Amino acid sequence: MTERPGSGQGNDPRSAELAERLAVVRKRIADAAGTAGRSDRPPSLIVVTKFHPAEDIRRLAALGITDVGENRDQEAAAKALELADLDLTWHFVGQLQTKKAKSVARYAAAVHSVDRPQLVDALAKAVRNEMDSNGRSPLDCFIQVSLEEREHDGDGGTHRGGAIPADVPLLAERIAAADSLNLAGVMAVAPLGAPPEPAFEKLAGISARLVAAYPAATGISAGMSQDLEAAIRFGATHLRIGSDILGSRPAVG
Ligand SMILES: *Cc1c(COP(=O)(O)O)cnc(C)c1O
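Residues numbered from 1 in each chain as written. Predicted model: local features only at pLDDT ≥ 70, side-chain atom pairs only at ≥ 80, totals over all residues. Heavy atoms only, no water.

Participant: Where do I start with the layout of surface pockets in this structure?
Facilitator: If you roll a probe as big as a water molecule over the atoms, it shows you where there is empty space left. Roughly 270 Å³ of internal volume is contained in the second largest pocket. For the lining of the second largest pocket, the secondary-structure elements that each account for two or more residues are α3 (73–82), β3 (89–92) and α4 (101–107). With 3 residues, α3 is the single largest residue contributor to the lining of the second largest pocket. In the lining of the second largest pocket, the residues fall into 10 nonpolar, 1 polar and 1 charged. (1 Å grid on protein atoms, 1.4 Å probe; cavity = no way out; pocket = protein on both sides within 12 Å on 5 of 7 lines; lining within 4 Å. Points joined across faces, edges and corners; volume = space filled by probe spheres on them. Helix = DSSP H or I, 4+ residues; strand = E, 2+ residues; numbered from the N terminus. Nonpolar A, V, L, I, M, F, W, Y, C, P; charged D, E, K, R; others polar.)

And the structure:
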């Protein structure tokens, strides 16, 4: 650690910058929740810290953040290890290969990107092993739904992923049947290049059908920096906010 003592405690310029940005986002959330008539049930804030250093997460924890999101296992695992002294809840929000399930089961409390049966099975097994050997709790699983009208390229190489809506009931059944997994709800990323409202409205409908069959699966993980107001309007319970709090992501590679 080359970090000065006191950094991460709110005394350095980066902490001040994060505090300022976080205050703006918190105000946007409170305003949108007020407009939606849900000030009594505001969504929870997950700060997506991908590509930003562990020290930023330490600063955010000092600012009261408890929930962080990551989209790459290697990066998330390293950060979770480095920050093991903090009481953080780790959310995995990215595309997940089944071979990474074992690693994710070691640190993640929730996976927001469950989109196929093989992944359900891999997570169920990996979390079961962690429950038996280390006493971890069941993993919260959000079914990621694709809201694209059709799959297309031009996504900047990012696969946004997600199950088609028709596959949600089968995935839900499979998650609910695994005693190491907890069916938390649905998740989506709004399609690029289109207004987010119709997508989030569609997600709300998918959520309502899921909750009719699984009353506890009330989670709606939706809303990023650009569209958190629309997501809140359509019932988001978990926001995943990155760049508006942390700034633009450092270039990789
Ligand atoms: C990066 C990411 C976010 C955060 O997006 P911002 O636009 O930076 O707020 C949310 N969800 C997922 C799945 C992500 O990969």
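Past the structure itself, the notes keep going.
Participant: When you look at the side chain of Asp-73 in this model, what are you seeing that I'm missing?
Facilitator: Relative to the elements of secondary structure, Asp-73 occurs in helix α3. Dropping the residues within four chain positions of it, Asp-73 is found in contact with Phe-92, Lys-100, Ser-103, Val-104 and Tyr-107. (Contact = heavy atoms within 4.5 Å.)

Participant: Help me understand the packing of helix α5 (residues 117–134) against helix α6 (residues 168–176), please; the structure alone is not making it clear to me.
Facilitator: Relative placement of two packed helices is described by the angle separating their axes and the distance separating the axes. Where α5 meets α6, the closest approach of the two axes is 10 Å, and the angle between their N-to-C directions is 10°. With respect to α6, the axis of α5 lies roughly parallel. Here Pro-117, Val-120 and Asp-121 of α5 come into contact with α6, specifically with Leu-171, Arg-174 and Ile-175. (Axes fitted to C-alpha atoms, helices over the stretch in contact; angles between N-to-C directions. Parallel < 35°, antiparallel > 145°, perpendicular 65-115°, else oblique.)

Participant: I would appreciate a short explanation of the site of the ligand in the present structure.
Facilitator: Every residue near the ligand is listed here: Val-48, Lys-50, Val-93, Met-187, Met-224, Ser-225, Arg-240, Ile-241, Gly-242, Ser-243 and Arg-249. Measuring from an oxygen atom of the ligand, one finds a side-chain N or O atom of Lys-50 at 2.6 Å. At 2.5 Å from an oxygen atom of the ligand is found a side-chain nitrogen or oxygen belonging to Ser-225. Here the ligand loses 89% of its free accessible area of 390 Å² to cover by the protein chains. A class-by-class count of the residues in the shell around the ligand yields 5 nonpolar, 3 polar and 3 charged. (Near = heavy atom within 4 Å. Polar contact = N/O pair within 3.5 Å; in protein donor to acceptor, adjacent residues only side chain to side chain. Areas by Shrake-Rupley, 256 points an atom, 1.4 Å probe, with all protein chains shown as cover.)

Participant: I keep staring at the UniProt feature "modified residue: N6-(pyridoxal phosphate)lysine" (unreviewed entry) in the protein chain and nothing clicks. Help me out?
Facilitator: As recorded in UniProt, the sites labelled "modified residue: N6-(pyridoxal phosphate)lysine" (unreviewed entry) are Lys-50. Tracing the backbone through its elements, the reader meets Lys-50 in the loop between β1 (44–48) and α2 (54–62). Once you skip the residues sitting within four places of it in the chain, Lys-50 turns out to touch Gly-69, Glu-70, Asn-71, Glu-75, Lys-79 and Arg-249. (UniProt positions renumbered as here; feature names shortened; annotations may be inferred.)

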